[in-house]
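Summary of the model geometry
Each chain is listed here by its residues.
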Amino acid sequence: MSFRFNKMSNKFITKIKPTWCLGCGNFGIHTALQSAFEELKLEPWQVLMVYGIGCFGNGSNFLKTNAFHGLHGRPLPVAMGAKLANPSLTVIASSGDGDAYSEGGNHLLEAIRANIDITLLVHNNGMFSLTTGQASPTTPIGQKTKSTPFGQYLNPLNPIALALSQNASFVARGLATDVKHLQGIIFKALSHKGFSLVDIIQPCVSFNKEYSAEFWAKHTVKIEKTPETLKEAMDLAMESKKLPIGLFWQEKKPTLADKLPDYPNSPLWQEVKKVNLEKILQNYH
Amino acid sequence: MRELCWKIGGSAGQGIKVTGEILAKTMARGGWQILEWTEYPSLIKGGHNAVHLRIREEECVATEKEIDILVALNRETIDLHLPEMRHEGALIYDEGIFDHNLNLTRKDIRPYPLPIKKIALEVAGEELYQNTVVLGATVSLAGYKIEPLLLTISDVFADKGQEVIEKNIKAAKAGFEYVEKHPLSFSHQAPYLRSSDHPFIQSSDNLVLTGNEAIGLAALAGGCNFYSAYPMTPSTSILHFLAQHGPKNNMVVYQGEDEISVINSAIGASLSGARAMVGTSGGGFSLMVEALGLAGITETPLVIVSAQRPGPATGLPTLTGQGDLRFVLHASQDEFPRIILAPGSVGECFDLTWKALNLAEELQTPVFILTDAFISEGHQTVEKLQLGKVFISRGKLLTQFKGEIKGGEHFPRYKITSDGISRRPVPGIKNITFLANSDEHDEEGFSSDNAENRQKMMEKRMKKIHYDSSSLPSPKLFGHLKAKTAVISWGSSSGPARAAVDYLRAEGKSINFVHLPCLNPLPVSYLKKILSWSQKAVVVEGNYSGQLAHLIYEKTGAKIDKVVVKYDGRPFFWREVLQGIRDAI
């Protein structure tokens, strides 16, 4: 997919060469992301990417934006704090299936409840690949991995249904190998006011050969029309024959910034001032 | 010197805590100094509650065990606290509630039957006003006047309407008058707070604050504008205070879904240029530990208030202790610089909090405020907050940039400098980007496992703090620098330790006391000096093993002769420390 880089400006690329495996889905995701930035006329300094830990996390070295490379499972709370402290930034949490759905599950629920205006990109390859191939929350039942040599025995998590069940305001799924389609989804997610979950199915060429780019090309189907009711969206999310990709649900709802009492709505670095305590102190005499 | 030690006990839900607060405020308005400590179980109704209040003419830094007036709203109070009473102390109880035969195990106590419930019903029509009857009676029994109490009642119940205020005033007056008509004669010392010659200052500057309130106030004064927390005793009332007063003052206050989220969101806010602080207790801090290291290696400023309670695990949720010093000192894998400040009084909670906010930003590293339940939740008089001294320093924060960064490169967030501190841009400055990285990184933030780079980056970070730094809060010495016995303490144990040393100095003993407001890095040279001049060294602290004592030995090589420790969940009474020191010298 590297040919796509040539079509774009290189302002979102650092001097560090990507270390991902040849054919890794992360290339497609980064290409789609950069195209979405260009389409939205965003400059690198206007964006803050917050990365968790996983192969995707090394992307912090390759993609040129403001960036924070934190802990496994924790990109969401860092991104939430950063966005609250500067609402003018475009804040994106970059995560994986282990990162977002296993270690950081609690934070996903909170981000949905808060409806904070950030985007979560989940690089979902059904596997812990940076640690060389253990079962993740999205590994299908029966699949053999290094940590489940006799087959995965836990039910796979359905992130789309989970998000819908909690009234998430933007829920979508993309395919890392369909860059153009993914770019469209990311564009919509970044344009959405509120929390947007983009689950991205990606092949892992080194540790998950069973579920290859070819497999996913055959086993996914594009959503033609975004469902109009939550029930329709949920039915689509439960579809198991072919995995639907596209926008499941989008709804206009108040964001965390709208809901917090007296939220300043300006960068907090401008607001660091001594507060006059006189009035408050009257209560303590 | 005039002083009074008063205690009220009853079951949870009987309004014991508010009653104690009203008396504390009343006395503070009159220009007295107070120290309050409430024992309560981790329950909402039932269980035993007791407020212990010491009132003094002069500075009140420690609790006194011997109770002058005990108010028993139930039988349990008598059974539990009778042994703590002073010889000939007064026991107020409701004769209508208890059996006439009190069966007191001590014959030297002066029982004072007061028809509490009957008076409340008579003058206010509701049992609810019992506690106010008690307050009126207490003030009279102590030899004090009623006017300050009535004023305090009017203010405290201002939100509840005129009827509530009037009923409370009637109840207070009735309690006061009952005691005037039925005086109790004391053979010595009492009346404790005889007021005829004590000036009543209506507009006294005295504030009555808990440590948590002082921390909240200092956070506002010090420009903190992001506070996140998850409820955990004894830190929770910081969240209550800031949730109430923060938003109106441009502070974002967020209750996260767990302590992991709390600290990570504060790191995110700090990354964006907010002044961030979190609050928790040992259990919650356990969950924060991984991200503590994250703040360390990414060099993100952060203030962490950790209010200690006895552990491990759930431990004694509502009681006090100082068992977490070693924990906050060493928490996280590998090494990075951190500062640990430990206030010894409510007033010092204020001073150290705004200083902590400055230190975190100047040094771009985590700074702890280590308190404990006694200081976090107990009330003390603070004569005047040092508001004028508060200033805001943001260190090397960068909010605009005129230079140029080449394509493909980042701003050198981790540039090696002589003091180890690099310029810290906020995200969103036109034409520059930076990478803050939890992987070991080079000057531009890019991940690097190069050996030489790793060594340089470790040295850069570790260089940010050093022993005997003049920018850190300095030790406080009471007494002469050169004394035969040196007593050292920290946190809430410093008050009782100081009271004991003051007493011994008044006896003519050659002894001094050092309070350490900064526990990491320690003032090593200073401690070496003090300890080389003394013949005996005593450390006083609220844990089992003597954590500070061992730390001092580790850092100075000076042996501590005696460690006075307490680990029963209660604060030191100053006489316990006195006994401990006497045993050592």
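Since we're looking at a predicted model, the values are computed, not measured. (Residues numbered from 1 in each chain as written. Chains lettered and ligands numbered in written order. Predicted model: local features only at pLDDT ≥ 70, side-chain atom pairs only at ≥ 80, totals over all residues. Heavy atoms only, no water.)

Of regular secondary structure, chain B possesses 18 helices and 23 strands. For 585 residues, the compact-globule formula gives about 25 Å, and the C-alpha radius of gyration of chain B, at 26 Å, lands near that figure. Principal-axis analysis of the C-alpha atoms places the extent of chain B at approximately 90 × 60 × 40 Å. The buried share of chain B, reckoned over its 585 residues, is 63%. Across chain B, the fraction of contacts at a sequence separation of at least 24, relative to all contacts at a separation of at least 6, is 74%. Summed over all atoms, the accessible surface of chain B reaches about 21500 Å², with 50% contributed by carbon and sulfur. Each charge sign in chain B was given a centre, from 62 positive and 66 negative side chains, and these centres are 4 Å apart. (Helix = DSSP H or I, 4+ residues; strand = E, 2+ residues; numbered from the N terminus. Rg over C-alpha atoms; globule rule 2.2 N^0.38 Å. Buried < 20%, exposed > 50% of the residue type's maximum accessible area, 1.4 Å probe, protein only. Contact = heavy atoms within 4.5 Å. Areas by Shrake-Rupley, 256 points an atom, 1.4 Å probe, with all protein chains shown as cover. Lys, Arg positive; Asp, Glu negative; His and termini not counted. Charge placed at Lys NZ, Arg CZ, Asp CG, Glu CD.)

What follows deals with the pairing of strand β9 (residues 252-255) of chain B. When strand β8 (residues 226-229) of chain B meets β9(B), the two strands line up parallel, connected through four bridges. Looking at the pairing, B:S228 lines up with B:Y254 of β9(B). (Pairing = 2+ DSSP bridges.)

All names here are of chain B. For the structure shown, the criterion picks out 46 salt bridges over all chains. Among the ionic pairs, E39 bridges to R570, the shortest N-O distance being 3.5 Å. Pair noted here: E39 is in strand β2 (residues 33-39) and R570 is in the loop between β23 (562-565) and α18 (574-584), with a separation of 531 residues, a long-range link. Under the relative-accessibility criterion, R570 is labelled partly exposed at 32%. Between D419 and K396 there is a salt bridge; the shortest N-O distance is 3.1 Å. Within this pair, whereas D419 is found in the loop between β15 (397-398) and β16 (424-425), its partner K396 is found in the loop between β14 (379-382) and β15, the two being separated by 23 residues in sequence. Take D419: its relative accessible area is 31%, and that puts it in the partly exposed class. (Salt bridge = Lys/Arg side-chain N within 4 Å of Asp/Glu carboxyl O.)

What follows is about the sheet that holds strand β7 (residues 170-175) of chain A. One open sheet accounts for nine strands, arranged β9(A)-β10(A)-β7(A)-β8(A)-β4(A)-β3(A)-β1(A)-β2(A)-β17(B); its pairing is mixed. Sheet topology places β9 (220-222) of chain A together with β17 (435-437) of chain B at the edges, where each strand pairs with a single neighbour. Ignoring which end each strand starts from, the neighbouring axes of this sheet average 20° apart. Here β7(A) runs beside strand β8 (residues 196-201) of chain A; their pairing, made up of six bridges, is parallel. By the bridge assignment for β8(A), A:R173 is matched with A:D199. (Axes fitted to C-alpha atoms, helices over the stretch in contact; angles between N-to-C directions.)

Quick look at the nonpolar core now. All names here are of chain B. With 102 residues, the main nonpolar core has L548 and I552 as its most contacted residues. Formed jointly, this core draws a minimum of three residues from each of two domains, domain 2 (205-473) and domain 3 (474-584). Judged by nonpolar contacts, the second largest core, of 51 residues, contains L23, Y112, A120 and Y192. (Core = buried A, V, L, I, M, F, W, Y, C linked by side-chain atoms within 4.5 Å. Domains from an automatic or database assignment.)

Let's shift gears to the domain arrangement of chain B. Put simply, an interface is often sized by how much accessible area is lost when its parts join up. Residue and element names in this part refer to chain B. Domain parsing of chain B yields domain 1 (3-204), domain 2 (205-473) and domain 3 (474-584). Placing the centre of domain 1 and that of domain 2 at their C-alpha centroids yields a distance of 41 Å. Taken together, the contact between domain 1 and domain 2 spans 19 residues of the former and 16 residues of the latter. Carbon and sulfur atoms make up 57% of the area that domain 1 and domain 2 hide from each other, which totals about 1500 Å². Summed over the shared surface of domain 1 and domain 2, the number is zero salt bridges. (Buried area = accessible area lost by both parts, 1.4 Å probe.)

In this section: helix α9 (residues 259-271) of chain B. Residue and element names in this part refer to chain B. Its 13 residues give α9 an end-to-end C-alpha distance of 18 Å, which sits within 8% of 18 Å, the value for a rise of 1.5 Å per residue. Within α9, 13 of the 13 residues are buried, leaving the element largely enclosed by the surrounding structure. Between a side-chain oxygen at the N-terminus of α9 and the backbone nitrogen of I260 the separation is 3.2 Å; the capping residue is D258. Looking one or two places after α9, you find G273, whose phi comes out positive at around 105°. (Expected span 1.5 Å × (residues − 1). Polar contact = N/O pair within 3.5 Å; in protein donor to acceptor, adjacent residues only side chain to side chain.)

Now for the sheet that holds strand β10 (residues 276-280) of chain B. Whether parallel or antiparallel, the strands of a sheet pair through hydrogen bonds between backbone atoms. Residue and element names in this part refer to chain B. Pairing in this open sheet of seven strands is mixed, and the strands run β9-β8-β10-β11-β13-β12-β21 from one edge to the other. The sheet terminates laterally at β9 and β21 (518-520), the two strands that pair on one side only. Within the sheet, the average angular offset between the axes of one strand and its neighbour, ignoring direction, is 20°. Bridge count for strand β11 (residues 302-308) against strand β13 (residues 366-372) is seven bridges, and the pairing is parallel. Bridge pairing links V305 to I369 in β13. Across the sheet, helix α12 (residues 346-363) touches β10, β11, β12 (339-341) and β13, and the angle it forms with β13 is around 160°.

A few words on the packing of aromatic side chains. What describes a pair of aromatic rings is the distance from one ring centre to the other and the angle between the planes of the rings. Using the criterion set out here, one finds 16 aromatic pairs over all chains in the structure. Centre to centre, the rings of A:Y284 and B:F241 are 6.3 Å apart; their planes meet at 45°, and the pair counts as tilted. Of this pair, A:Y284 sits in the segment after α11 (278-281) while B:F241 sits in helix α8 (residues 236-245), each in a different chain. Residues A:Y284 and B:F241 agree in their burial class; the two are buried. Seen in terms of ring centroids, B:Y503 and B:W574 are 5.3 Å apart; in terms of plane orientation they differ by 50°. Their pairing is tilted. Separated by 71 residues along the polypeptide, B:Y503 in helix α15 (residues 494-506) and B:W574 in helix α18 bring together distant segments of the chain. Given a relative accessible area of 36%, B:Y503 falls into the partly exposed group. Exposure remark for B:W574: the relative accessible area of 7% places this residue in the buried category. Here a set of aromatic residues connected by ring pairs shows up, and it is made of A:W20, A:F27 and A:F62. (Phe/Tyr/Trp six-rings, centres within 6.5 Å; stacked < 30°, edge-to-face > 60°.)

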